[in-house]
Amino acid sequence: MATIKETEKRLAVVTNWGVFGSFGLGSLLSGFHSDLLLVGLAGFVTLIGGFVAHVVINRIYGGGFRAGEIAAAFIAFGMAVLGFLLGWLFDPLFSVTDARLGLIGFPAVIVCFLVYLVTKHGIRRWLSMFHTAHNR
Amino acid sequence: MSESIVWLAAAVAAYWAYCIYWGAVGARLSNSASDYFLADRSLSPWISVLAVTGCSFSAWVFLGHPALIFRDGLQFAQLSLAAVTIPLTGVLFFKRQWLLSKRFGYVTPGEMLADYFSSPLLRLVMVLVAVVFSVPFLGMQLRVSGALMQVLTGGVVDGTVAMWVLAAMVFLYVCIGGLRAVAYVGTLQALLMTTGLVAIGLVAYAKVGDFSTFNAALAKLGAEATGPWGRTAQGYNSYFEIPGVIQFTAGLGKEAPLGGPWTASMILTYSFALMGIQAAPQFSMWAFSTKSPKSFAPQQVWASAAVVGFILLLFSVAEGMGPHILQNSGVLTSLENDGAGGLAGGYIRMIGESAPWFGGLLAVSALAGVQIITAAFFSTGGTILARDLYRGYLNPAADDRQQKLFGRIGVGLIALAALLTATFSPAVETQLGALALGFGAQLWLALAAICWFPWITREGVVLGLLVGLVVVVFTEPFGTALASFFGVDLPWRRWPWTIHSAGWGIFFNVVIGVLVSLVTQTPKDRAHRQRFHAFLSEYAALPPQKRPLRPVAWAAALVWLFFAVGPGVVLGNDVFGPPNGGIAAWALGIPSLWGWQFLWWALGVLMIWFLAYKMELSVFGKRGLEFYFPQDRRPVAAGAASINWQQWFWGAVLLGGGVAVLHWMFG
């Protein structure tokens, strides 16, 4: 059974994404739907804020991202990028603003993630996270 | 089914799953009665900060506050400074109550009062206050949540059905998970509520244009005389002026005050009423459940005063005043027509039309605002019934399992009573619900006695409390209706002399309490009470090097109260330029009263920081703490005779009779 500390860490993570995730995703959808670049970018910024807050939570409670969290994040990000590309290719309503939004937002998320890895593991060893996961 | 309803249903379902999940987690972690009732006194500071802040502001901030700004303008926005006054109660009482509960093992404030004053009667009075406070108040909250769903679904879902379903959802996670589940779910609820407030405020600004457009439109509005209260005695638009220090009117419903009800005296006494929120038994139990007092000061200073205060002043004002500016674009009409769902409901529906996923999310934010306080009242109400009635009188030897069972039954009873009242006697519920704020504030004297003044006696507190409660009743519509039933036509109505019922109640409560205390001193009782104060002095007294700061603290608090929520607020009407002078005449570039509110909000944060941190009213400084913490000490019940089942039966008959009489009188 999970200890109180583990439970509270999980609570902090879920609550964090409950707020940043839902409002970030809502803004993102509004940005794409209504061709509002700033609103969409605000969504990306909110999601990145959620990621930063998650890192802070990890720092406070100790330990890093769990395997399930990493998997969920990669799946969600992959699906979002795939949706963006499919929309660009096949959606007749896909606008220039939508393209700009995705081309700014998704790379920004990737850059933030890389910055995190470099900050945590150093410039030469930032891939160790994947090596560790692979070895595990 | 429209897209917005689908998103609404999806958002509510996700939120529901979250609540039930954490309810189950709470149940798994609740092994003992102490786990279930107080989360084993082990809530982490960050959880307490969020849950207490969410409960302190809840639906009245999300739904009520902007709606009243919409109706009455910036004169009501002065009460945004309640973000400072509400935690002021916590600053004065939380740390000391926490210390006492740690030392003596109290679970409910009734146990604490009964032990301190050696008065089982006071324990019963607390049960009565808690129940009378809870049931109609909860009924109001639940009805609002149902009405909100009805509005947001365009009438597809019936309000009463929605109310029962939503109440069942809250009941479920509270019943299975206890206070820990309430606190865990409360973290997300508090964040959703505050983020939702910001989001709606941003939408209001966006609809108008931007901040400068909003301000220019306010300037135009200031030169007009729209609104229900017309112009004030000074000739300004009542939306932009506090209509005097006091007006000697007979009360709302009989004699309307000129230029609006929010005079300085009303703002001050309404602030007292709001300060009563954290004096309510439910908040004492929040204090008891906290693992460490580290949460108190951040909650009071940063979460409440700084963050919520800023949100109320910047975003709720935009939300409330925005529709006046948008009246020519058709937005106002759609917002005005939303009835019980309120202004926020109108905004959410408007947002949902163009961005249904956001509409669903904001609906859940509003729901979170309602349910955070509902869940806390369910939980603490059940605990009070289980501990103060069942364990206190019916079965003093109850073990953990029995206490938890009766706690759950208590939650069910409170929920059922609130739902039945809201469904079948909405008139009674509305009238009784209006008493809630005033009642909460009447516990101030009792808490002040326990935490600060050993010379206040049991007789003084009991009589003061009873008189205060009666005075609150008779300065609210319930008292007027009660008197009218007996053929008495009171010469006043609601809030005479533009003084809130809580203000009238507090005045008589304190006068009676102090006078009676002066003539009922006995050395034996004083020695008993002094034991508690000796303990508090040992652990909570101000260090000698800081004692010279006491006059500064008093002066800061009194000056702030005078200018922020007291008679001095009228200076804000035009100190930074006349309300009808336009932007060119406004020294701060915004309406004078709004600028005044920002100024005193900032000073308020400073003041409460000084009290909480520097004066150590909410922190322990550098001293360590070691407690003798006896397990589950039984303060009163050990000496109290348990009543038999005949008395239990006749008590139930009397209760049922009381409900029947109320229903007969008020329909």
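Nothing here was measured: the structure is a model prediction, and the numbers come from that model.

1. A look at the overall build of chain B
Moving on, step 1. The helix and strand tally for chain B stands at 26 helices and 0 strands.
Moving on, step 2. In summary, chain B has a C-alpha radius of gyration of 24 Å against a globular reference of 26 Å for 667 residues, a match within 12%.
Moving on, step 3. The principal-axis extent of the C-alpha atoms belonging to chain B is close to 70 × 60 × 60 Å.
Moving on, step 4. Here chain B, with 667 residues, has 59% of them falling under the buried criterion.
Moving on, step 5. Nonlocal contacts in chain B, meaning residues at least 24 apart in sequence, comprise 81% of its contacts between residues at least 6 apart.

2. Section: the overall build of chain A
Moving on, step 1. The number of helices and strands found in chain A is 5 helices and 0 strands.
Moving on, step 2. In sequence order, chain A lays out its α and β elements as α-α-α-α-α.
Moving on, step 3. Taking the contacts inside chain A whose residues are at least 6 apart along the sequence as the reference set, 56% of them involve residues at least 24 apart.

3. A word on the interface of chain B and chain A
Moving on, step 1. Taken residue by residue, the interface counts 19 residues in chain B and 15 residues in chain A.
Moving on, step 2. For the side of chain B that touches chain A, the secondary-structure elements that each account for two or more residues are α1 (3-29), α8 (159-208) and α15 (356-394) of chain B.
Moving on, step 3. At 7 residues, the largest contribution of residues to the side of chain B that touches chain A is made by α8(B).
Moving on, step 4. The residue makeup of the side of chain B that touches chain A, split by class, is 13 nonpolar, 5 polar and 1 charged.

4. Describing unusual backbone geometry
Residues and elements named next belong to chain A.
Moving on, step 1. We note that aspartate 35 has phi near 55 degrees; this positive angle belongs to a residue other than glycine.
Moving on, step 2. Assignment of secondary structure puts aspartate 35 in the loop between α1 (4-34) and α2 (37-61).
Moving on, step 3. You can call aspartate 35 partly exposed: it has 16 C-beta atoms within 10 Å.

5. What about the nonpolar core?
Residues and elements named next belong to chain B.
Moving on, step 1. The biggest cluster of nonpolar side chains holds 244 residues, and the ones touching the most others in it are Val174, Ala366 and Ile608.
Moving on, step 2. A per-element tally of this core places α8 first, with 27 residues.
Moving on, step 3. The contacts of isoleucine 608, once residues within four sequence positions are left out, are Val84, Pro87, Leu88, Val91, Gln300, Val301 and Ala305.

6. Concerning the packing of helix α3 (residues 45-72) of chain B against α8(B)
Residues and elements named next belong to chain B.
Moving on, step 1. Taken N-terminus to C-terminus, the directions of α3 and α8 make an angle of 50 degrees; their axes are 8 Å apart at the nearest point. When the axes of α3 and α8 are compared, the pair comes out oblique. As α3 packs across α8, the resulting crossing turns out to be left-handed. Taking contact as the criterion, the partners of Ile47, Leu50, Ala51, Thr53, Gly54, Cys55 and Phe62 in α3 are, on α8, Ala183, Tyr184, Gly186, Thr187, Gln189, Ala190, Leu191, Met193, Gly196 and Leu197.
Moving on, step 2. Of the residues in the contact of α3 with α8, the class split is 11 nonpolar, 6 polar and no charged.

7. What to know about the confidence of the model for chain B
Moving on, step 1. The pLDDT averaged across chain B works out to 88; a share of 91% of its residues lies at or above 70.
Moving on, step 2. Segment residues 628-642 of chain B is flagged for pLDDT under 50; beyond a separation of four residues in sequence, or across chains, it makes 31 contacts in the model.

8. Focus: the environment of A:Leu36
All names here are of chain A.
Moving on, step 1. Mapped onto the secondary structure, leucine 36 falls in the loop between α1 and α2.
Moving on, step 2. Sequence separation between leucine 36 and aspartate 98 is 62 residues; the distance between their C-alpha atoms is 8.4 Å.
Moving on, step 3. The contacts of leucine 36, once residues within four sequence positions are left out, are Ser30 and Gly31.

9. Focus: the packing of α3(B) against helix α14 (residues 342-354) of chain B
All names here are of chain B.
Moving on, step 1. Contact geometry for α3 and α14: axes closest at 6 Å, N-to-C directions at 100 degrees. Taken together, the axes of α3 and α14 are roughly perpendicular relative to one another. Contacts between α3 and α14 involve Phe62, Leu63, Pro66, Ala67 and Phe70 from the former and Gly342, Leu343 and Ala344 from the latter.
Moving on, step 2. When its residues are assigned to classes, the contact of α3 with α14 shows 7 nonpolar, 1 polar and no charged.

10. Considerations on helix α5 (residues 82-104) of chain B
All names here are of chain B.
Moving on, step 1. With 23 residues, α5 extends 32 Å from end C-alpha to end C-alpha; this agrees with the ideal 33 Å at 1.5 Å per step.
Moving on, step 2. Across the 23 residues that make up α5, a large majority, 20, are buried.
Moving on, step 3. Just downstream of α5 lies glycine 105, where phi reads positive at about 75 degrees.

11. Describing helix α22 (residues 501-519) of chain B
Residues and elements named next belong to chain B.
Moving on, step 1. Here α22 is 19 residues long and its end C-alpha atoms lie 27 Å apart, about the 27 Å a rise of 1.5 Å per residue gives.
Moving on, step 2. Regarding α22, the residues found buried are Ser501, Ala502, Gly503, Trp504, Gly505, Ile506, Asn509, Ile512, Gly513 and Ser517.
Moving on, step 3. For α22, the elements touching its buried residues are α10 (264-275), α18 (435-441), α19 (444-451) and α20 (458-474).

12. Looking at the environment of B:Thr108
Residues and elements named next belong to chain B.
Moving on, step 1. Mapped onto the elements, threonine 108 comes out in the loop between α5 and α6 (109-117).
Moving on, step 2. In this structure threonine 108 comes out as buried when scored by C-beta crowding, with 28 C-beta atoms within 10 Å.
Moving on, step 3. Excluding its chain neighbours within four sequence positions, the residues that come into contact with threonine 108 are Pro281, Met285, Thr383, Ile384, Arg387 and Asp388.

13. As for the environment of B:Arg28
Moving on, step 1. For B:Arg28, the location among the structural elements is in helix α1.
Moving on, step 2. As for B:Arg28 and B:Gly177, which are separated by 149 residues in sequence, their C-alpha atoms are 7.7 Å apart.

Each value, and the rule that gives it
Residues numbered from 1 in each chain as written. Chains lettered and ligands numbered in written order. Predicted model: local features only at pLDDT ≥ 70, side-chain atom pairs only at ≥ 80, totals over all residues. Helix = DSSP H or I, 4+ residues; strand = E, 2+ residues; numbered from the N terminus. Rg over C-alpha atoms; globule rule 2.2 N^0.38 Å. Buried ≥ 20, exposed ≤ 12 C-beta atoms within 10 Å, placed from the backbone. Contact = placed C-beta atoms within 7 Å. Nonpolar A, V, L, I, M, F, W, Y, C, P; charged D, E, K, R; others polar. Core = buried A, V, L, I, M, F, W, Y, C linked by C-beta atoms within 7 Å. Axes fitted to C-alpha atoms, helices over the stretch in contact; angles between N-to-C directions. Parallel < 35°, antiparallel > 145°, perpendicular 65-115°, else oblique. Left-handed = near helix turned anticlockwise from the far one by under 90°. pLDDT = per-residue confidence, 0-100. Expected span 1.5 Å × (residues − 1).

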